[in-house]
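For reference, the chains in residue letters:
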Amino acid sequence: MSLPKTLSMSPAAALFCLTAALLAGTTSAQNITSVRVATGLVKPCTLTAPEGDAHRLFVLEQLSGRIRIVKDGVLLSGSFLNLGAKIKSSPQYDQGLLGLAFHPDYATNRHFYVSYTDLGGNSVVERYTAQSGNPDLADPASAQLILGPIVQPQADHNGGCLRFGLDGMLYIALGDGGSTSPTTGLNSQDGSTLLGKMLRLDVSLPAPHIPASNPFVGDPNVLDEIWSFGLRHPWQFSFDRETGDMYIGDVGDNTREEIDIDPAPSAGGLNFGWRCMEGTNCTGLSSCTCNDPNLTLPATDYTHSFGCSVTGGFVYRGCEIPALRGQYVYGDYCTARVWTFTYDRVGGTIGPVIERTAALVPTNGVGTIGSISAFGEDGLGELYICDYSGGEIFKIINLDALVDCNGNQIADSCDIARGGSLDLNGNGVPDECDCPAPVVYCTPKVNSLGCTPTISAVGTPSASATGGFTVRASNVRNQKPGLLLYGSTGRASAPFQGGTLCINAPVRRAIGANSNGTALPANDCTGLYRLDLNAFSHGLLGGNPGAALLTVGATIETQWWGRDPGFPAPNNVTLSAGLEYQVCP
């Protein structure tokens with residue numbers, strides 16, 4: 001994150017600059033905003049959580065060396081772990097407690113990893129273990145050295161962000177070692193140093209934890225830990241938790257800020273260009289070949305007219321904001337501007353860059369997003385913003401109306417994503433809310449003219465809609481009264497007035513209506529009975545509808561009953577088959 005100007009920012013390419021400028025005035029139409037969820041932190045610089053943890057956010061305080069917990073919206077007074085006695089920090093530079101990553105098997109092994117600047121100014125990565133008896137406390141005596149100490153020539157561009165990839169490997173971002181030397185950036189292209197690189201370790205292996213699949217294993221000119229080259233100050237990077245793509249926010253020098261992408265599945269070995277390239281610009285520095293085809297240019301960059309220090313973010317994979325899914329969210333430390341874009345994995349291009357700054361102004365005027373030091377994901381994939389200067393945490397939330405078909409106050413998308421509801425047909429609607437097609441069952445009573453009454457339905461039965469579900473009985477005698485019988489206790493097949501009653505007791509009656517059809521004295525089967533059961537259920541048509549008709553999930557059995565004077569009394573009626581349906585939201 002370097003502070004300005006230690007924290008340089010990269011450029012948005014000319015296309016991005018134009019796009020951002022065009023879209024800057026449209027941010028008020030976005031469907032997201034933010035809400036403050038915590039305050040009282042000191043220089044927060046990283047936010048994360050164990051996979052699946054629905055209650056806790058773990059926040060690093062860079063200068064104090066503390067890992068704090070926000071639990072169910074409350075900042076706990078103590079520390080999960082306090083490394084203050086082990087770190088060197090400076091408010092002007094990039095030293096301190098810099099990275100935190102939970103092991104993919106944290107739920108069983110309780111291991112997590114931190115990176116920090118030690119008292120000698122070196123970069124260190126260690127493993128710690130949470131206490132078995134208190135998950136809100138780590139064991140400070142459990143430290144195990146994973147990497148380092150790595151000598152840092154200067155106090156800035158230390159890097160230190162840690163993430164586990166979908167491959168289970170631990171990735172570590174290191175900056176190029178500082179910005180004030182005349183030879184700044186040389187480390188980034190030098191394979192004999194870990195500075196200016198992305199590293200990859202397999203922490204399940206014994207030290208030095210180097211996986212055989214790293215791209216430069218066996219190359220005498222490149223250290224085995226190295227995954228990729230050419231980074232200046234990769235303050236924040238992340239993985240798309242669905243695709244495994246790596247996104248790197250690499251802080252620029254004097255002109256441009258950049259976002260780099262290493263798409264999955266990746267064999268590593270990319271060179272992102274620094275110090276030969278700053279974003280899409282050729283630096284003209286010595287020992288460089290600009291626009292070398294072996295260099296990987298950024299997915300997007302922006303000039304310092306938009307900001308001065310990029311803060312890499314995350315691809316949104318949460319469930320509370322369906323419209324944001326798949327979009328990469330990132331920002332700028334200096335200007336607190338926020339943008340999103342989507343990455344086309346097939347074409348290797350990005351979609352329009354959309355500015356979200358105005359949309360994310362905190363709701364109700366509570367808090368101010370100032371210096372964006374980090375974005376973070378909770379254990380369920382929802383996104384947060386760390387305000388470095390104000391010590392505040394903000395959650396990105398949905399402004400669209402809650403889609404909650406089963407009425408449990410949880411978005412349907414989250415019911416499905418979190419396993420609370422099934423969606424076997426993949427239509428995005430919890431299966432318990434899908435309306436199965438009405439089913440015709442049982443045996444009709446053929447009328448005195450030899451016609452078989454048919455029963456059917458059009459529309460969707462709904463507990464909330466006041467219309468739109470019509471039950472029809474057709475092929476019935478013309479100009480005769482009839483009505484709909486219904487019940488909610490299951491199907492039946494019992495003798496009834498010379499035919500079959502298809503509804504279990506108790507049986508209720510809906511309103512009656514004439515079948516109409518051909519005018520008398522004709523006798524034929526042109527009659528048609530119709531009843532909008534949604535309207536009837538809400539009491540709009542009179543009668544006395546039962547409560548079951550408005551109970552979501554209830555199963556209702558119906559059957560048409562009509563007069564037929566062609567039969568002798570007392571069985572001078574005709575009956576349709578039964579029709580069964582489920583009440584939907």
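Calculation criteria
- Residues numbered from 1 in each chain as written.
- Predicted model: local features only at pLDDT ≥ 70, side-chain atom pairs only at ≥ 80, totals over all residues.
- Heavy atoms only, no water.
- Helix = DSSP H or I, 4+ residues; strand = E, 2+ residues; numbered from the N terminus.
- Buried < 20%, exposed > 50% of the residue type's maximum accessible area, 1.4 Å probe, protein only.
- Polar contact = N/O pair within 3.5 Å; in protein donor to acceptor, adjacent residues only side chain to side chain.
- Contact = heavy atoms within 4.5 Å.
- Pairing = 2+ DSSP bridges.
- Axes fitted to C-alpha atoms, helices over the stretch in contact; angles between N-to-C directions.
- Salt bridge = Lys/Arg side-chain N within 4 Å of Asp/Glu carboxyl O.
- Disulfide = S-S within 2.5 Å.

**Some details on the side chain of Glu126**
As for its position among the elements, Glu126 is in strand 9 (residues 123–130). Judged by its relative accessible area of 8%, Glu126 is buried. Within the structure, Glu126 has its side chain in polar contact with the side chain of Tyr128 (distance 2.7 Å). Look past the residues within four positions of Glu126 in its chain and what remains in contact with it is Lys86, Phe112, Tyr113, Val114, Tyr116, Ala143, Gln144, Leu145 and Ile146.

**Some details on the sheet that holds strand 27 (residues 383–387)**
Reading across the sheet, the four strands line up as 1-28-27-26 and stay open at both edges, with antiparallel pairing between neighbours. Strand pairing shows two members of the sheet lacking a second neighbour, strand 1 (32–38) and strand 26 (372–377), which therefore form its edges. Between one strand axis and the next, the sheet turns by 30° as a mean value, whatever way the strands run. Of the pairings in the sheet, the one linking strand 1 to strand 28 (residues 392–398) comprises six bridges and is antiparallel in character. Residue pairing across strands places Ser34 opposite Ile396, the latter belonging to strand 28.

**Observations concerning the pattern of salt bridges**
If the charged atoms of two oppositely charged side chains come close together, the side chains can form a pair. By the definition in use, this model includes 22 salt bridges. The closest approach of N and O atoms between Glu126 and Lys86, which form a salt bridge, is 3.0 Å. Placement of Glu126 in strand 9 and of Lys86 in the loop between strand 6 (81–82) and strand 7 (97–102) is noted, with a sequence separation of 40 residues between them. Asp167 is paired through a salt bridge with Arg200; the nearest N and O atoms lie 3.2 Å apart. Here Asp167, found in the loop between strand 11 (162–164) and strand 12 (170–173), pairs with Arg200, found in strand 13 (residues 198–201); they are 33 residues apart in sequence, far enough to count as distant. A single network of salt bridges, built from pairs that share partners, joins Asp53, Arg56, Lys71 and Asp136.

**Structural notes on the pairing of strand 4 (residues 66–71)**
In terms of strand pairing, strand 3 (residues 56–61) meets strand 4 through six bridges, oriented antiparallel. Within the sheet, the bridge partner assigned to Leu60 lies in strand 4 and is Ile67. Here strand 4 runs beside strand 6; their pairing, made up of two bridges, is antiparallel. Looking across to strand 6, one finds that Ile67 is bridged to Leu81. Pairing analysis gives two bridges linking strand 4 to strand 5 (residues 74–75), with the strands arranged antiparallel. Each bridged residue has a counterpart across the sheet, and for Lys71 the counterpart in strand 5 is Val74.

**Looking at the state of the cysteines**
For the structure on display, the rule yields eight disulfides. Across the disulfide from Cys308 sits Cys334; the S-S distance is 1.6 Å. Taken together, the residues span a long stretch of sequence, with Cys308 in the loop between strand 20 (300–303) and strand 21 (310–315) and Cys334 in the loop between strand 22 (327–332) and strand 23 (338–344) at a distance of 26 residues. Judged by its relative accessible area of 14%, Cys308 falls in the buried class. For Cys334, a relative accessible area of 31% puts it in the partly exposed group. Note on Cys45: no disulfide assigned, nearest cysteine sulfur contributed by Cys386 at a separation of 7.7 Å. The cysteine Cys161 is free of any disulfide, with Cys45 supplying the nearest cysteine sulfur at 9.5 Å.

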